Amino acid sequence: MTDNKYLADLLFPDIDKTVDYFEEKYPPRNLAEGAKVTRIAPSPTGFIHIGNLFGALVDERLAHQSGGIFYLRIEDTDQKRKVDGAVELIIDTFKRYGLSFDEGYTEDGGVGDYGPYRQRERAEIYQTVAKHLVEKGLAYPCFCTEEDLDKIRKSQLEAGENPGYYGKWARHRDCDVEEIERNLSAGKPFVLRLRSFGDISKTVKARDMIKGELEFPENNMDIILLKSDGIPTYHFAHVVDDHFMRTTHVVRGEEWLSTFPWHLQLFEYLGWKLPKFIHTAHMLKQEGTGKRKLSKRKDPEFGIEYYNKNGFEPEAVKEYLMTVLNSNFEEWRLQNKDKDIDEFKFTVNKMSSSGALFDMDKLIDVSKNVISKMDAETVYEKVSEWTKQYDPEFYLYFTANPDYTKEILSIGRGGKKPRKDIAVWSGVKEYMGFFFDKYFVPAESFPENLAKEDIVAVLSKYVSIFDPVDDQNTWFDKIKVLAGDLGFASEMKDYKQNPDAYKGSVADIAMILRIAVTGKTMSPDTYSVMRILGAEKVVSRILAALDIVRKGEN
Ligand code: GLU
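Time to look at the site of the ligand. Close contacts around the ligand come from Arg 39, Ala 41, Ser 43, Glu 75, Tyr 234, Val 251, Arg 252 and Trp 256, and that covers them all. In this structure, Tyr 234 approaches the ligand through a side-chain N or O atom, which is 2.4 Å from an oxygen atom. Trp 256 has a polar side-chain atom sitting 3.3 Å from an oxygen atom of the ligand. The fraction of the free accessible surface of the ligand (290 Å²) that becomes covered by protein chains is 79%. The pocket occupied by the ligand, as judged from atoms lying within 2 Å of grid points, is the largest pocket. Residues that form the shell around the ligand fall into these classes: 4 nonpolar, 1 polar and 3 charged.

The antiparallel open sheet is built from 3 strands, whose spatial order is β5-β6-β9. Either end of the sheet is taken by a strand with one partner, and the two such strands are β5 (139-142) and β9 (224-226). Recorded for the sheet is a direction-independent mean angle of 45 degrees between the axes of neighbouring strands. Both strand β6 (residues 191-194) and β9 contribute to a ladder of 2 bridges, which runs antiparallel. Bridge assignment links Leu 192 to a residue of β9, and that residue is Leu 226.

For the rest of this paragraph, the subject is the pairing of strand β7 (residues 203-208). A one-sided burial pattern is seen for β7, the buried positions being Val 204, Ala 206 and Asp 208 and the unburied ones Thr 203, Lys 205 and Arg 207. Relative to strand β8 (residues 212-217), β7 runs antiparallel, the two sharing 6 bridges. Pairing of Arg 207 across the sheet is with Glu 213, part of β8. In this antiparallel pair of consecutive strands, β7 and β8, the connection spans 3 residues.

Attention now moves to the pattern of salt bridges. With the rule as written, the count across this model stands at 39 salt bridges. Salt-bridge contacts for Arg 61 lead to Asp 342; the nearest nitrogen and oxygen are separated by 3.6 Å. Of the two residues, Arg 61 is situated in helix α3 (residues 50-65) and Asp 342 in the loop between α12 (329-335) and β14 (356-358); the sequence distance between them amounts to 281 residues. Across the pair Arg 173 and Asp 222 runs a salt bridge whose closest N-O atoms are separated by 2.9 Å.

Take the packing of aromatic side chains next. Counting across every chain of the model gives 36 aromatic pairs. Ring geometry for Phe 143 against Phe 190: centres 5.5 Å apart, planes inclined by 55 degrees, an arrangement best described as tilted. Highlighted residues: Phe 143 in the loop between β5 and α6 (146-158) and Phe 190 in the loop between α7 (177-185) and β6, separated in sequence by 47 residues. Accessibility assignment for this pair places Phe 143 and Phe 190 in one class, buried. Between the aromatic rings of Tyr 380 and Phe 398, the centroid separation amounts to 5.3 Å while the plane-to-plane angle is 15 degrees, which identifies the pairing as stacked. With Tyr 380 in helix α14 (residues 376-390) and Phe 398 in helix α15 (residues 392-400), this pair connects stretches of sequence that are 18 residues apart. The exposure classification of Tyr 380 matches that of Phe 398, with both residues buried. Taken together, the ring pairs connect Tyr 380, Phe 394, Tyr 397, Phe 398, Tyr 404, Phe 434, Phe 435, Phe 436 and Tyr 439 into an aromatic cluster. The positively charged end of Lys 296 is found above the aromatic ring belonging to Phe 47, 4.2 Å away from the centroid.

Before going further, it helps to examine a positive patch on the surface. A cluster of basic residues, Lys 151, Lys 154, Arg 171, Arg 182 and Lys 188, forms a positive patch at the surface. Here Arg 182 shows up in helix α7.

Before going further, it helps to spend a moment on the layout of surface pockets. Put simply, the largest pocket is a space of about 1,000 Å³. Taken together, 40 residues line the largest pocket, and the ones lying closest to its centre are Pro 42, His 49, Asn 52, Glu 255 and Trp 256. Every element with two or more residues in the lining of the largest pocket is listed here: β1 (37-40), α3, α4 (86-96) and β10 (249-253). In terms of residue count, α3 provides more of the lining of the largest pocket than any other element does, 6 residues in total. For the lining of the largest pocket, the residue count by class is 18 nonpolar, 12 polar and 10 charged. Counted as a void, the second largest pocket has a volume near 530 Å³. If you trace the second largest pocket, you find 24 residues lining it, with Arg 333, Lys 337, Asn 369, Lys 373 and Lys 420 closest to the centre. The biggest single contributor to the lining of the second largest pocket is helix α13 (residues 360-372), with 6 residues. Residues of the lining of the second largest pocket, tallied by class, amount to 6 nonpolar, 5 polar and 13 charged.

Procedures and definitions
- Residues numbered from 1 in each chain as written.
- Predicted model: local features only at pLDDT ≥ 70, side-chain atom pairs only at ≥ 80, totals over all residues.
- Heavy atoms only, no water.
- Near = heavy atom within 4 Å.
- Polar contact = N/O pair within 3.5 Å; in protein donor to acceptor, adjacent residues only side chain to side chain.
- Areas by Shrake-Rupley, 256 points an atom, 1.4 Å probe, with all protein chains shown as cover.
- 1 Å grid on protein atoms, 1.4 Å probe; cavity = no way out; pocket = protein on both sides within 12 Å on 5 of 7 lines; lining within 4 Å.
- Sits in = over half its atoms within 2 Å of the grid points.
- Nonpolar A, V, L, I, M, F, W, Y, C, P; charged D, E, K, R; others polar.
- Pairing = 2+ DSSP bridges.
- Helix = DSSP H or I, 4+ residues; strand = E, 2+ residues; numbered from the N terminus.
- Axes fitted to C-alpha atoms, helices over the stretch in contact; angles between N-to-C directions.
- Buried < 20%, exposed > 50% of the residue type's maximum accessible area, 1.4 Å probe, protein only.
- Salt bridge = Lys/Arg side-chain N within 4 Å of Asp/Glu carboxyl O.
- Phe/Tyr/Trp six-rings, centres within 6.5 Å; stacked < 30°, edge-to-face > 60°.
- Lys NZ or Arg CZ within 6 Å of the ring centre and 35° of its normal.
- Patch = residues over 30% accessible without salt bridge, like charges linked within 9 Å, V, L, I, M, F, W, Y side chains within 5 Å.
- Lys, Arg positive; Asp, Glu negative; His and termini not counted.
- Charge placed at Lys NZ, Arg CZ, Asp CG, Glu CD.
- Points joined across faces, edges and corners; volume = space filled by probe spheres on them.

What follows is the structure, given as structure tokens:
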């Protein structure tokens, strides 16, 4: 019989603290009843995806809606995947989306009494808990090499038994202390394994706040707790950290469901209170008639960088994600058009337990809506910020004359039914570039149903009747008169009743003018466009269009 205390000291000679010491150092938090403590625990790989944001939104809402704490822990146990600047990227990214951390790694550095918040800096804590498990006979060193493990796997295969390190296959589970000492003095590396007393023929029950009651076979694997460099596996670190950081709600991806029984067992062996668990569904994408997981390799829209690069407004992305997260959000939004999204009461039980379908068209729609509610000043600021980084040339034109630009951005804004032309900041150049000569592309053709001589007549006559001080009614009346003079119906209803009596309608005249001044068949309303462009530009563009038509085939 191994003396566990002796073994614990042998394996962890430098560990002089106890689990009780850390229990005292990190006492239960002094928060109001019902306040939730949540965290995100990303690895600093430099890659943040939309699923991370999705989960973080759940964490942030649960914490901040309840007067709790939302903290950032960095899971940097895998040095190979670590990327410089990744932590700053995480903090900045989440901040852009209005998700600010109260504790852990924050923009003000490490904040809070439950740190360190980087796993690399917590070795002593993990090892103290590990030592405690050894003392209790619940963990042991395993000196198996890769080769040894391979052999075990092969024998298991031959015997038709489950692969893994467990039960009678766990070679070092019952080593006597002399053998361990021999291995240690030979300098052999070891991992620390859990001594599992689980039985797979028995079941363990657990609750997930989305999925409800779950039942798993008990874990019988002697899973690795500490790797040979003394650094914990995710499983061990998760249990230790979420316990000592006093996390009340663990929100994480459903890929952790399969190892959930391991975590349950660890909490049980350590005698620690189980936090609540919320395993969030993967983001899915419609492909043909089926759905598949969004993938880093295949789907650029999986990475958060895609949204920055394409000028998605973070507020809109957040708004969209909330529609995916909570089935009642859209209805709430319809009734509370102007309220801050944080006034919506997010609840876990309105979350779907199956996959979350990511729908780009829907995101675009939501974005248009969100942006349509902004005033011109806000849009101006946001587009300036985005173009400065991603389209510096357009930025120069856009910001050259702020009053002019803001006047353009004011078109169709502010009323009861604001226009919804802008979905992403990267689309602004296409939307309003024609206001700047640099980006104005004269149209090469006009609608084919119109005769060349009519287009020429419209354009040449209009030059002399256009007056920039006309109000909208006068402006439109003049176009109606012009229509009538040229054999087009001045009123749409007349045209509809008797289309054969006319060459076309006033709409055709308006279209000719729109194409001439904007170069496009779709634009904000032509009256506003002309008013903002001013007489000089309007006239010169119409004259240029006239030239093109005269020379052209139309
Ligand atoms: N580092 C883990 C991940 O990125 C964290 C999972 C968790 O939240 O517990 O998947």
